Amino acid sequence: MLLYSIDTPQTANIYELTCILLFKIACNCQGSIYEDSHFTIRTAFGMNQELAEKTVAQLKNASIDFVTYLPETRLSRILPILEKDDFFTLVPVASEAEAVTIASGAALVGKRPACYMEATGLFVSAYNLLLVSMRLGIPLLLLISHVGNCADQKNSFRFAPTGVRTEEQLKALHIEYQVMANASDLNTGIADAVRMMHALKQPFALLFTGDFTV
Amino acid sequence: MNRRACLEALLPFVKDQLVVASVSGQWVWGQLSKHEGNLLLGSMGNALGVGMGLALGLPHRQVIVIESDGSVLLSLFNLPTLGTLHPDNLKVFVFDNEAYSGSRISRPSATAAKTDIAAIARDSGIERAVTVRDLGNFNREMSSTIKEPGLGFVVAKVEETFEHRNAERSDVDLMENKYRFVRYVERTEGKPIFLGRG
């Protein structure tokens, strides 16, 4: 038996909800469309709750306290967790370009910032990374959903053409990075990256794929 | 109205604020002000975003952004984000000469046609966005914007001038400017900014 749970906020558009429900029935999937914050989780895939909680805990342990973001699918479960914790300043943006500039400004007054984005956002924000973060030498953690990568469990023709170029783009920008493909990478990966970004005084990227895209 | 005259009027109002300028404003402002809290970015499309980050990161400190029409148009997505975040300590001054005069051939920007930056700002949730067209009105709006709490956004319609084309350029590069700015913030806020000791 399939279960369709729709926790409907007052502001939800009934037409939109109906469309989503029909879509979910068509896809033979189940789950809750709305979760207990204003963030909407409409997909049945992406990192699981345990990994999301562990990711946020590791960010906090590494003193990351300011997160700019443009939501995407694979890692989006971290957002409600970040939102609930007053330790973090969570900043929604309209473009990854300003995710980078806003986070860079915050770094210059003592915040420890991260930018959470889909890999396609790396291409959008290349100008701002080069002309602000890198040219001024600003430590910045890039939390990148490595969509379109070979290990992306939900890879498709929508993502692969950019995904295969993401690491080359980082190399071209001279941004150091690590690929996070296994859940166990969380044990030290974020702490290592944050230590490195402060040592370099430059952006450092973590590319999440594999276990984080199941 | 002349941008230099506007910036000269702004100068005595800058005490301990943090000031961010995009590429066009920084030449004149850099000549007028040697304030340690100046962050002169040397690029277009970045000052408003960086200013938002400063304001959100240090909410008790006033932050001033000196922008231009071309720079705002390059990162127009900043306006809805600014209207959403609405930092009360941020004061934005956009000097709109309706041209890309840094190009040396002075091609018109979209504001020379029908685009109204203050109107876009208001419709993005920046309720107090205004346009001023003469120095008297600029002085009045600038003064109240700096003195009164709340997000401020003043678009100053200025004539195109060419002094920046011959202005002597500073030999303080962006990295040196950043460190001077960061040390000023550290000293005045009493906290370290960068981690990673030698």
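Source: prediction; values computed, not measured. (Residues numbered from 1 in each chain as written. Chains lettered and ligands numbered in written order. Predicted model: local features only at pLDDT ≥ 70, side-chain atom pairs only at ≥ 80, totals over all residues. Heavy atoms only, no water.)

Engineer: Report on the overall build of chain B, specifying residues and quantitative values.
Structural biologist: Counting its regular elements, chain B contains 9 helices and 8 strands. Against the compact-globule benchmark of 16 Å for 198 residues, chain B has a radius of gyration of 16 Å, which places it among compact chains. Taking the principal axes of the C-alpha coordinates as reference, chain B spans close to 55 × 40 × 30 Å. Once local pairs closer than 6 in sequence are excluded, the contacts in chain B between residues at least 24 apart make up 72%. When the accessible surface of chain B is split by element, carbon and sulfur atoms take 52% of a total near 8300 Å². Computed over 23 positive and 23 negative side-chain charges, the inter-centroid distance for chain B is 2 Å. (Helix = DSSP H or I, 4+ residues; strand = E, 2+ residues; numbered from the N terminus. Rg over C-alpha atoms; globule rule 2.2 N^0.38 Å. Contact = heavy atoms within 4.5 Å. Areas by Shrake-Rupley, 256 points an atom, 1.4 Å probe, with all protein chains shown as cover. Lys, Arg positive; Asp, Glu negative; His and termini not counted. Charge placed at Lys NZ, Arg CZ, Asp CG, Glu CD.)

Engineer: Lay out the sheet that holds strand β6 (residues 140-145) of chain A in plain terms, naming residues and giving numbers.
Structural biologist: Residues and elements named next belong to chain A. The strand order across the open sheet built from 6 strands is β4-β3-β5-β6-β8-β7, with neighbouring strands paired in parallel fashion. Edge positions in the sheet fall to β4 (89-92) and β7 (176-180), since each of these pairs with one other strand and no more. Shown here is a sheet whose adjacent strand axes are inclined to one another by a mean of 20 degrees, direction ignored. Running over the sheet, helix α8 (residues 189-200) touches β5 (113-118), β6, β7 and β8 (203-208) and is turned about 160 degrees from β8. (Pairing = 2+ DSSP bridges. Axes fitted to C-alpha atoms, helices over the stretch in contact; angles between N-to-C directions.)

Engineer: Residues and numbers for the packing of aromatic side chains, please.
Structural biologist: Going through the model one piece at a time under the given rule, you end up with 5 aromatic pairs over all chains. Of the aromatic side chains, those joined through ring pairs into one cluster are Phe93(B), Phe95(B) and Phe138(B). Looking at Arg74(A), its charged tip hangs above the ring of Phe159(A), at a distance of 4.7 Å from the centre. Lys178(B) extends its terminal NZ or CZ atom over the ring of Tyr179(B), reaching a point 4.0 Å from the ring centre. (Phe/Tyr/Trp six-rings, centres within 6.5 Å; stacked < 30°, edge-to-face > 60°. Lys NZ or Arg CZ within 6 Å of the ring centre and 35° of its normal.)

Engineer: How would you explain the nonpolar core if you had to name every residue and give the values?
Structural biologist: Among the nonpolar cores identified, the biggest contains 47 residues, and Leu108(A), Leu82(B), Leu90(B) and Phe153(B) are the most heavily contacted of them. Among the elements that line this core, the one with the most residues is helix α3 (residues 47-57) of chain B, at 7 residues. If we ignore the near neighbours within four places in the chain, the residues touching Phe153(B) are Leu79(B), Leu82(B), Val92(B), Val94(B), Ile117(B), Ala121(B), Ile126(B), Arg128(B), Ala129(B) and Val130(B). (Core = buried A, V, L, I, M, F, W, Y, C linked by side-chain atoms within 4.5 Å. Buried < 20%, exposed > 50% of the residue type's maximum accessible area, 1.4 Å probe, protein only.)

Engineer: Report on the sheet that holds strand β2 (residues 38-40) of chain B, specifying residues and quantitative values.
Structural biologist: All names here are of chain B. The 6 strands are arranged β2-β1-β3-β4-β8-β7 in an open sheet whose pairing can be described as parallel. Looking at the sheet topology across the chains shown, the edges are occupied by β2 and β7 (130-132). In this sheet, adjacent strand axes meet at a mean angle of 20 degrees when their direction is disregarded. Here strand β3 (residues 63-68) runs beside strand β4 (residues 90-96); their pairing, made up of 6 bridges, is parallel. Along β4, the bridge assignment pairs Val65 with Val92. Where helix α1 (residues 3-10) meets the sheet, its contacts fall on β3 and β4, and the angle it forms with β4 comes to roughly 160 degrees.

Engineer: Outline the interface of chain A and chain B, listing residues and values.
Structural biologist: Taken together, the contacts link 28 residues of chain A with 34 residues of chain B. On the surface where chain A and chain B come into contact, there are 0 salt bridges. Contributing elements (two or more residues each) for the side of chain A that touches chain B: β4, α4 (96-107) and α6 (126-136) of chain A. Tallying contributions element by element places α4(A) first for the side of chain A that touches chain B, with 7 residues. Grouping the amino acids of the side of chain A that touches chain B by side-chain chemistry returns 16 nonpolar, 7 polar and 5 charged. (Salt bridge = Lys/Arg side-chain N within 4 Å of Asp/Glu carboxyl O. Nonpolar A, V, L, I, M, F, W, Y, C, P; charged D, E, K, R; others polar.)

Engineer: Go over the environment of Gln49(A) with me, naming the residues and quoting the values.
Structural biologist: Residues and elements named next belong to chain A. Take Gln49: it is sitting in helix α2 (residues 49-61). Using a relative accessible area of 34% as the deciding quantity, one classes Gln49 as partly exposed. Between the C-alpha atom of Gln49 and that of Leu75, which follows or precedes it by 26 residues, the distance is 9.9 Å. Discounting chain neighbours no more than four positions away, the residues touching Gln49 are Arg77 and Ile81.

Engineer: Residues and numbers for the packing of α3(B) against helix α5 (residues 78-85) of chain B, please.
Structural biologist: Residues and elements named next belong to chain B. It is the contact of α3 with α5, at a shortest axis distance of 10 Å, that shows an interaxial angle of 15 degrees. Classified by the angle their axes make, α3 and α5 are roughly parallel. Considering only the axes of α3 and α5, their crossing is left-handed. Residue-level contacts link Leu48, Gly49, Met52 and Leu56 of α3 to Asn78, Leu79, Thr81, Leu82 and Leu85 of α5. For the contact of α3 with α5, the per-class residue count stands at 6 nonpolar, 3 polar and no charged. (Parallel < 35°, antiparallel > 145°, perpendicular 65-115°, else oblique. Left-handed = near helix turned anticlockwise from the far one by under 90°.)

Engineer: Residue-level account of the environment of Gln58(A), with values.
Structural biologist: Among the structural elements, Gln58(A) can be located in helix α2. Considered as a pair, Gln58(A) and Leu186(A) are 128 residues apart in the sequence and their alpha carbons are 7.3 Å apart.

Engineer: Any chance you could break down the side chain of Asn89(B) for me, citing the residues and the numbers?
Structural biologist: Residues and elements named next belong to chain B. Within the fold, Asn89 resides in the loop between α5 and β4. A relative accessible area of 10% means that Asn89 is categorised as buried. Only 3.1 Å separates the side chain of Asn89 from the backbone oxygen of Ala55, close enough to count as a polar contact. (Polar contact = N/O pair within 3.5 Å; in protein donor to acceptor, adjacent residues only side chain to side chain.)

Engineer: Which residues make up a negative patch on the surface, and what values go with them?
Structural biologist: Residue and element names in this part refer to chain B. Together, Glu168, Asp171, Asp173 and Glu176 make up a region of like negative charge exposed at the surface. Looking at the secondary structure, you find Glu176 in helix α9 (residues 174-189). Classification of Glu176 as partly exposed rests on a relative accessible area of 46%. (Patch = residues over 30% accessible without salt bridge, like charges linked within 9 Å, V, L, I, M, F, W, Y side chains within 5 Å.)

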